[in-house]
Amino acid sequence: MLEILIHGAVSSAIYAMLAVGFTLIFGVARILNLAHGTFYALGAYGAYFFTSHLKLPLFLAALLAIALVAVFGVVVEKVLVRPMRRSQLAVLMITLAVALVVEQALFLTFGSEYRNVPAFVDAKFSIGGVDVGGQRLLALGVSVALIALLWVFIQRTRLGSAILAVSQDPEAANYMGIPSDRIFSIVMGISAALAAAAGVLAGPFLTVQPTMWLLPIVKAFAIVIVGGLGSIPGSILAALMLGYAETVVGYLISSSWTEIVSVAATLLTLVFRPAGMFGKRAAF
Amino acid sequence: MFGKRIDYAGALGFIAFMAALPLVFGGNYLIGVLTVSVIYGIWAVSWDFMSGLTGRENFGHSLFIGVGAYTAGFLNTKFGLSGWWSLPASMLVATLFALIIGLPTLRLKGPYFALAMLSGAVIMQRLMLIFWEQTGGEEGINGIEPLIRSQLGFYYFALAALVLVTALLLALARSHWGLILRAIRGDEATCQAAGINVTFYKIASLVISAAFAGAGGALYAHYQLQVSPQLFAVVTSITIITMVYVGGMASIYGPVGGAILLVLLTELLRNFGEWRLMIYSCTLIMILFFLPNGLIAPTWRRVKARLGRPE
Amino acid sequence: MKKLSILFSAVCVAAALATPPARAQTKPIRIGVPTAMQLQVGRDTQDAIKMAIDDINAKGGVLGRKLEMVVADETENPETGISAIKKLTADEKVDVLIGGYTSGVTLAQLPHISAAKTIYLGVGAASPSITAKVKQDYDNYKYIFRVGPIHAGNQAKQVTGFISGFIKGELGISKIAIVGESAKWVQDLVPVLKKGAIDAGADVRLTEFFDSQTSDFSPLLAKIKDSGAQYLIVILSHASSDIFAKQWHDARFPIPYGGIDVKSMDGDFCDRVGGKSVGEMAANFAVRAPLTPKTIPFFDEFKKRTNRSPVYTAFGANDAVYIYAQAVALAKSTEPNAVIKELEKTSYVGIPGMIEFDEMHDVKPGGKGPNFLFVQWQDKCAREVIYPKAQRTAAYITPAWIKK
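So, here is what we can say about the structure in this document.

What counts as what
- Residues numbered from 1 in each chain as written.
- Chains lettered and ligands numbered in written order.
- Predicted model: local features only at pLDDT ≥ 70, side-chain atom pairs only at ≥ 80, totals over all residues.
- Heavy atoms only, no water.
- Helix = DSSP H or I, 4+ residues; strand = E, 2+ residues; numbered from the N terminus.
- Buried < 20%, exposed > 50% of the residue type's maximum accessible area, 1.4 Å probe, protein only.
- Lys, Arg positive; Asp, Glu negative; His and termini not counted.
- Salt bridge = Lys/Arg side-chain N within 4 Å of Asp/Glu carboxyl O.
- Polar contact = N/O pair within 3.5 Å; in protein donor to acceptor, adjacent residues only side chain to side chain.
- Contact = heavy atoms within 4.5 Å.
- Phe/Tyr/Trp six-rings, centres within 6.5 Å; stacked < 30°, edge-to-face > 60°.
- Axes fitted to C-alpha atoms, helices over the stretch in contact; angles between N-to-C directions.
- Parallel < 35°, antiparallel > 145°, perpendicular 65-115°, else oblique.
- Left-handed = near helix turned anticlockwise from the far one by under 90°.
- Pairing = 2+ DSSP bridges.
- Disulfide = S-S within 2.5 Å.
- Buried area = accessible area lost by both parts, 1.4 Å probe.
- Patch = residues over 30% accessible without salt bridge, like charges linked within 9 Å, V, L, I, M, F, W, Y side chains within 5 Å.
- Areas by Shrake-Rupley, 256 points an atom, 1.4 Å probe, with all protein chains shown as cover.
- Nonpolar A, V, L, I, M, F, W, Y, C, P; charged D, E, K, R; others polar.

### Considering the side chain of B:R56
Residue and element names in this part refer to chain B. Along the chain, R56 turns up in the loop between α2 (28-54) and α3 (62-77). One buried charged side chain, R56, makes no salt bridge at all; its nearest oppositely charged neighbour is E188, positioned 5.7 Å away. Of note is the side chain of R56, whose polar atom sits 3.1 Å from the backbone oxygen of T105. Dropping the residues within four chain positions of it, R56 is found in contact with M50, S51, T105, L106, L108, F113 and K202.

So, in structure tokens, the structure goes:
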């Protein structure tokens, strides 16, 4: 029981980090960014590259990786996404193409075999008789902290209010003197940074190889839709639901069924609540 | 019914070109690539009919393709039925699945609809793997018999099928069907208020789209001589959407060109070895970025405009 | 005047006929290589074939003809695999195909290879269904041979030998758990393995399959712990062996594991998981040990050329080129039927062992043929052969946190 609680929490935390970033950029800029999984991958690869090729200390490598991915996200938004904003499908397709190009670049640069992202914490912890890897607990802790930080940032700071304003009505925000274009870029950067952080934290215990972007984005997509596009509380709730559903099924039935259960749950949720749990109304 | 004579001329020219290609360049490799591209064309056209016109993007088109292909596989290997039975059977099964997934998802639109359809395809893919004893797991069903033994013969049959499907769907799209479907895309509530049975048209267009996708799946099975769960994959659906995009959404005929172009591109790039997929993806970004309305349909429209003067 | 021109023409014609046809003999023999180019198995397949080709060409080629390699990417997708075969046979018109990796792709390619009447020497796919067709439909499928790896059924037998000879025999452990990814070849193999283990006196506490995409093994590991097993046998190929090793290590899982772990065959596997696989025992087809006179020279030459340690497809690929060359030389032609007759009689000292084909054109394991070596990752990512005892290079170690 305790095992399910702890491992479910870790899974949910990683999913939440990915989902929150994804829903954030959609909520604010109405961008369905299929390259979100790519930011996750680049975070992990960045940490790997800086530690093993440039021999930087882990903490520095992690920060550097996250910062660079944030910049990359901003560049992608400015150069490729903004001109396509009229059509949601166009944005979807071009971000997908970006994901494919980066995947190939990773194949050609680092090869197909998985790489090693060093862990911050190597020790094992025993909580109530349950063995958990230290890195997993760290991922859980940092995810919660970052999401809480994001929440505070949006609710309490001026920039956060600007973001809220733009998410409700970009034109009106413009009239009020808020540069919505710049806000889009900033939010994309934050979104990318969150995904990259997830990559850095989860890389040590999950797989790091060029195709690692696909599964997270499919899961993030499902979570965000079920939670309600654009709703951060919705994403967190849906992430918890998915994380725990998978863990419970894995423990009680078999790991072969986890995938199908979560997808079936997604489908059922959509059938009964077409706009997701928190719908389109709740922006944040 | 089809519009100007120039459209007819263009279509005939295209068909003649496609029919002549293997005769001029020859070789089973080219015929193979062309046949596969033509089948993708059928899938792309069927997608465009529903999703292009109504604007409800279906990210699970691979579901109908897969069930059509597996139906053909089962009928042939387990029951010994020839491919000529598979074609109608696959259309029937695909129709059934369209109803199963289409009815509960009527209310959904946009990314919600996309995800629901995608989930359907993923569930079927998983089921194929879970029930590996019956379906062959990830090795799939092998040893399917070819529909037509001659490589060239099969190609012409597939080409004819593509022409037939495209003509049919073009006719529907230019009729009041197309009008209503486009109206639904614009403002569903008003259509409903105007007394149009929106539900019927939504379901019907999905069923038609699915039936032809399933038929394409059966053709595929009897050509490749095997089916595998990879047919149900997200990648398959996305590839087809890309083809429609490159061809020109909602044009019905554009996706034909999109499909053939992209399949040919993937194969022609083989000479670049490891760089094949990288160049392909970069080309894709270029097309998506610089030609947001697609390549084929807008080009044809421009050609028509230029030729239209003297007529 | 007329007589002179007739004489002149006659002399010219005679001269032309007398000149031997120079072009025909120098046409190279083309080897088509369908493989997953972006993966390590693909890279090593190509490099190993290139090695063999360079060697044979330096010695004058085959029947006076040079060997040439043409590669086509088959990825892990059957559709791309089928078009790769068509490209190689119909477009590039190769004389023989050497390659393969994913069983699903190879199975999809078989009817198209047969239609092209081209010999195929498999080096990477393990499904027994591939060679079963040779017996079922000889006329159409006689072209198919498998040089490596030993097929899944034989692999199961070898793992059974490992369980009874080492796990039970030497470590004295009889409570085992068997887990494998839910790939068809594993699903076919595990029942055979389980029965063999039970017959050998093992107590199989748990048998479970998991999805190849699994990224969280904690539920599975918890179940294994609860089952009371004391050794974990794994069967992994496409699944995430790296995640498994990392999570096993991170949780300081109290049960050692080993078995078939294809990714763990890589020389750098241990480094890539940050040393977390120390303690794992993985089956290997060949390591740098004197299994045959060819083994160590191959490893050294491969390392010199590519600066990498070869993965399992390299052994089959390298051997396949020599085997084919030998068959062509004996048949004195590249005509498939003639070559097939010689191939069937092959008895070649290869890298993992003696290569001979059974009636299904499948490599014969055991005895002098290729056998599994159970190799353990030890401190500083060193690899030592533990089983069979005859080839042992070091003593077995228990993972650091397990009290023994």
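After that view, the rundown keeps rolling.
### With respect to the packing of aromatic side chains
Taken as a whole and judged by the stated rule, the model has 41 aromatic pairs over all chains. Taken together, a centroid distance of 4.8 Å and an interplanar angle of 45° make the contact between B:F154 and B:Y223 tilted. Taken together, the residues B:F154 in helix α7 (residues 151-174) and B:Y223 in helix α10 (residues 198-224) connect sequence positions 69 residues apart. On the basis of relative accessible area, B:F154 is assigned to the buried category, the value being 1%. Look at B:Y223 and you get buried, because its relative accessible area is 5%. Ring centres 6.5 Å apart and planes at 35° place the aromatic pair C:F269 and C:W377 in the tilted group. Of this pair, C:F269 sits in helix α11 (residues 269-272) while C:W377 sits in strand β13 (residues 373-378), and the two are 108 residues apart along the sequence. Judged on exposure class, the residue C:F269 and its partner C:W377 are both buried.

### Focus: the packing of helix α2 (residues 36-52) of chain A against helix α4 (residues 88-110) of chain A
Residues and elements named next belong to chain A. Relative to each other, α2 and α4 sit at 20°, their axes nearing to 10 Å. Classed by the angle they form, the pair α2 and α4 counts as roughly parallel. Classified by chirality, the crossing of α4 by α2 is left-handed. Residues T38, L42, Y45, Y48 and F49 of α2 pack against A99, V102, L106 and F110 of α4.

### Description of the sheet that holds strand β5 (residues 144-146) of chain C
All names here are of chain C. A sheet is described by the order of its strands in space; here five strands give the open sequence β2-β1-β3-β4-β5, paired in parallel fashion. The open sheet terminates on both sides in strands that have one partner only, identified here as β2 (67-73) and β5. Strand-to-strand twist in this sheet, taken as the mean axis angle between neighbours without regard to direction, amounts to 25°. Here strand β1 (residues 29-35) pairs with β2 via seven bridges, running parallel. Bridging from a neighbouring strand, I29 pairs with L67 of β2.

### Some details on the state of the cysteines
All names here are of chain C. Tallying each qualifying case throughout the model produces one disulfide over all chains. Disulfide partner of C270: C381, at an S-S distance of 2.0 Å. As the torsion about the S-S bond is roughly -75°, the C270-C381 disulfide counts as left-handed. Here C270, found in helix α11, pairs with C381, found in the loop between β13 and β14 (382-387); they are 111 residues apart in sequence, far enough to count as distant. No difference in accessibility class separates C270 from C381, as the two residues are buried.

### Quick notes on the pattern of salt bridges
Across all of its chains, the model carries 36 salt bridges over all chains by this definition. Between C:D211 and B:R126 there is a salt bridge; the shortest N-O distance is 2.4 Å. With C:D211 in the loop between β7 (203-210) and α9 (218-227) and B:R126 in helix α5 (residues 110-130), this residue pair bridges two chains. According to the relative accessible area criterion, B:R126 is buried, its value standing at 10%. Here C:E208 ties to C:K223 by a salt bridge, and the two come within 3.1 Å at their closest N and O atoms. With C:E208 in strand β7 and C:K223 in helix α9, this residue pair connects regions lying 15 residues apart in the sequence. Side by side, C:E208 and C:K223 carry an identical accessibility label, which is buried. Several salt bridges share partner residues, and in doing so they unite C:R30, C:E68, C:K87, C:D91 and C:E92 into one network.

### Describing the interface of chain B and chain A
You'll often see interface size given as the accessible area lost when the parts meet. Counting residues at the interface gives 32 residues for chain B and 41 residues for chain A. Across the interface of chain B and chain A, roughly 3,300 Å² is buried in total on both sides, 84% from carbon and sulfur atoms. Among the residues chain B hides against chain A, the three largest losses belong to B:Y112, B:L115 and B:F289. Together they make up 20% of the total. Across the contact surface, chain B and chain A share zero salt bridges.

### Comments concerning a nonpolar patch on the surface
Nonpolar side chains collect at one region of the surface, where A:V248, A:L252, A:I253, A:W257 and B:F131 lie side by side and expose about 480 Å² of accessible area between them. With respect to the element layout, A:L252 can be found in helix α10 (residues 232-252).

### Some points on the sheet that holds β13(C)
Residue and element names in this part refer to chain C. What the seven strands build is an open sheet, ordered β7-β6-β8-β9-β10-β13-β14; its pairing is mixed. Edge positions in the sheet fall to β7 and β14, since each of these pairs with one other strand and no more. Put simply, the sheet's adjacent strands are angled 25° from each other on average, direction ignored. Each of β8 (231-236) and β9 (257-261) is contacted by helix α10 (residues 241-250), which is oriented at about 175° to β9, the strand it contacts most.

### Some points on the environment of B:A204
Within the element layout of this structure, B:A204 appears in helix α10. Sequence separation between B:A204 and B:G102 is 102 residues; the distance between their C-alpha atoms is 9.5 Å.

### Describing the interface of chain B and chain C
Tallying the contact residues gives 27 residues for chain B and 34 residues for chain C. Of all residues in chain B, B:Y29, B:E139 and B:R270 give up the largest surface area on contact with chain C, accounting jointly for 26% of the area buried on that side. Across the salt bridge formed by C:K184 and B:E139, the nearest N and O atoms sit 3.6 Å from each other. Taken together, the links from chain B to chain C amount to 14 residue pairs in polar contact (both at pLDDT 80 or more). Listed by contribution, the elements that provide at least two residues to the side of chain B that touches chain C are α2, α10 and α13 (276-290) of chain B. Considering each element in turn, the side of chain B that touches chain C owes the most residues, five residues, to α2(B). Class assignment of the residues belonging to the side of chain B that touches chain C gives a composition of eight nonpolar, 12 polar and seven charged.

### A few points about unusual backbone geometry
It is generally the case that most residues other than glycine have a negative phi and that most peptide bonds are trans. Residue and element names in this part refer to chain C. Geometrically, the link from G148 to P149 is a cis peptide bond, its omega value of -10° lying close to zero. In this chain, Y387 is followed by P388 through a cis amide linkage whose omega measures 5°. Along the chain, the position of P388 falls in the segment after β14. Of note in the backbone geometry, R252 takes a positive phi value of approximately 45° without being a glycine. Among the residues examined, R252 registers a relative accessible area of 19% and is labelled buried. A positive phi angle is found at K380, which is not glycine, with a value near 60°. Residue classification places K380 among the exposed positions, given a relative accessible area of 82%.

Any functional reading would require information that these geometric values do not contain.
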